[in-house]
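# Structural characterization, general
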Amino acid sequence: QVQLQESGGGLVQAGGSLRLSCAASGRTFSSYAMAWFRQAPGKEREFVAGITWSGRGSSTYYADSVKGRFTISRDIAKNTVYLQMNSLKPEDTAVYYCAGDPLPPNIRSAGAYDYWGQGTQVTVSS
């Protein structure tokens, strides 16, 4: 059974940093597209960052709201995806979810992913 498990969330002051991890188990995700989404109270789940892998290496994608502050990366040997979040803002407060799929038609669409983690809470205080 495929499982994704997030960790690394917590409470941080504005301007601080956190690193989220998403450990995959049940199968090798080396060729999968992986992404981070977030959902704040009363809002829809939104794309944060995504990463794909091919023989030529990785490609990364970011929401405009996090570009330059967040970095997505993966360790294939560990079957783990990371989200380094710097210069955090109160508006980054949300539950962050890891998602994976062999071939999402739209890497920025939550509906394109078959596998999801349970989420980890990130709270940024002002």
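Conventions we followed
Residues numbered from 1 in each chain as written. Predicted model: local features only at pLDDT ≥ 70, side-chain atom pairs only at ≥ 80, totals over all residues. Heavy atoms only, no water. Disulfide = S-S within 2.5 Å. Helix = DSSP H or I, 4+ residues; strand = E, 2+ residues; numbered from the N terminus. Phe/Tyr/Trp six-rings, centres within 6.5 Å; stacked < 30°, edge-to-face > 60°. Buried < 20%, exposed > 50% of the residue type's maximum accessible area, 1.4 Å probe, protein only. Pairing = 2+ DSSP bridges. Axes fitted to C-alpha atoms, helices over the stretch in contact; angles between N-to-C directions.

If you walk through the whole model with that rule in mind, you get one disulfide. Between the sulfur of cysteine 22 and that of cysteine 98 lies a disulfide, 2.0 Å long from S to S. In this structure, the disulfide formed by cysteine 22 and cysteine 98 twists by about -75° around the S-S bond and is classed as left-handed. Residue cysteine 22 is located in strand E3 (residues 18–25), and its partner cysteine 98 is located in strand E9 (residues 94–101); the two are separated by 76 residues in the primary sequence.

Let us look at the packing of aromatic side chains. The tally for this structure, following the rule as stated, stands at six aromatic pairs. An angle of 75° between the planes, with centres 5.5 Å apart, marks the rings of phenylalanine 37 and tyrosine 113 as edge-to-face. One end of the pair, phenylalanine 37, is in strand E4 (residues 33–39); the other, tyrosine 113, is in the loop between E9 and strand E10 (115–116), and 76 residues separate them in sequence. With respect to burial, phenylalanine 37 and tyrosine 113 carry one shared label: buried. Ring centres of tyrosine 113 and tryptophan 116 lie 6.2 Å apart, and the angle between their planes is 70°; on these two criteria the pair is classed as edge-to-face. Looking at tyrosine 113, the relative accessible area reads 4%, which means it is buried. Grouped by ring-pair contacts, the aromatic residues Phe37, Phe47, Tyr97, Tyr113 and Trp116 constitute a single cluster.

What the four strands build is an open sheet, ordered E1-E3-E8-E7; its pairing is antiparallel. The two strands at the open ends of the sheet, each matched to only one other strand, are strand E1 (3–7) and strand E7 (70–75). Within the sheet, the average angular offset between the axes of one strand and its neighbour, ignoring direction, is 15°. Where E3 lies against strand E8 (residues 80–85), six bridges are found, and the strand directions are antiparallel. Opposite leucine 20, over in E8, you have leucine 83 as the bridge partner.

Before going further, it helps to spend a moment on the environment of serine 54. Locating serine 54 in the fold gives a position in strand E5 (residues 46–54). For serine 54, a relative accessible area of 37% translates into the label partly exposed. Here the alpha-carbon distance between serine 54 and serine 31, two residues 23 residues apart in the chain, equals 6.9 Å.

Geometry only, nothing functional implied.
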